[in-house]
Amino acid sequence: MHIELLPIEAMEKDGKRYIKGVHLSSGVKIDYSTAKHISFIVDGEETKHNVMYFADKFGDKQWQCDCKWYALQNKICSHIIAVNLALRNNKISA
Ligand SMILES: [Zn+2]
């Protein structure tokens, strides 16, 4: 499946969140994938979150996370950044 990665500029907008994403990127695993979406697990020290990528959605709905921050802000969170960085740096392959 082709994954549309987020542009670096979009991830770096909030420096603190980006740095958190960099740290979390070493704990990213693929949970499962289907023809239309991929489920990732981001394993942090205290929390574990589920990030989903939807190949058939567009714009900011393509990447979604189950964390509270994402639910409240509806913007890319540190977990989504972590998955994007892990894919970019070939730490995981989908
Ligand atoms: Zn999140």
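Above this text sits the structure in question.
Residues numbered from 1 in each chain as written. Predicted model: local features only at pLDDT ≥ 70, side-chain atom pairs only at ≥ 80, totals over all residues. Heavy atoms only, no water.

Asker: Hey, could you run me through unusual backbone geometry in this one?
Answerer: In terms of backbone geometry, most residues other than glycine have negative phi values and most peptide bonds are trans. The backbone phi angle of Asn 74 is positive, close to 55°, even though this residue is not glycine. Mapped onto the fold, Asn 74 is located in the loop between α3 (68–73) and α4 (78–88). Of note in this structure, Asn 90 is not a glycine but carries a positive phi near 55°. One can find Asn 90 in the segment after α4. When its relative accessible area of 66% is taken as the criterion, Asn 90 is described as exposed. (Helix = DSSP H or I, 4+ residues; strand = E, 2+ residues; numbered from the N terminus. Buried < 20%, exposed > 50% of the residue type's maximum accessible area, 1.4 Å probe, protein only.)

Asker: I tried to follow the coordination of the zinc ion on my own but got confused; where do I start?
Answerer: With distances of 2.1 to 2.4 Å, the protein atoms coordinating the zinc ion are Cys 65 (SG), Cys 67 (SG), Cys 77 (SG) and His 79 (ND1). Here the donor residues of the zinc ion share one chain and are spaced in sequence as C-x1-C-x9-C-x1-H. Placement of the pair is Cys 65 in strand β4 (residues 63–65) and His 79 in helix α4, with a sequence separation of 14 residues. Judged on exposure class, the residue Cys 65 and its partner His 79 are both buried. (Donors = N, O, S within 2.8 Å, 3.2 Å for Na, K, Ca; no water.)

Asker: Hey, could you run me through the packing of aromatic side chains in this one?
Answerer: How two aromatic rings sit relative to each other is given by the distance of their centres and the angle of their planes. Scanning all chains against the criterion turns up two aromatic pairs. Consider the rings of Tyr 53 and Trp 63, whose centres lie 4.7 Å apart with planes at 55°: the pair is tilted. Within this pair, whereas Tyr 53 is found in strand β3 (residues 48–54), its partner Trp 63 is found in strand β4, the two being separated by 10 residues in sequence. Each member of the pair, Tyr 53 as well as Trp 63, carries the same accessibility label: buried. Connected via pairs of aromatic rings, a cluster forms that spans Phe 40, Tyr 53 and Trp 63. We note Lys 57 situated over the ring of Phe 54; from NZ or CZ to the ring centre the distance is 4.1 Å. (Phe/Tyr/Trp six-rings, centres within 6.5 Å; stacked < 30°, edge-to-face > 60°. Lys NZ or Arg CZ within 6 Å of the ring centre and 35° of its normal.)

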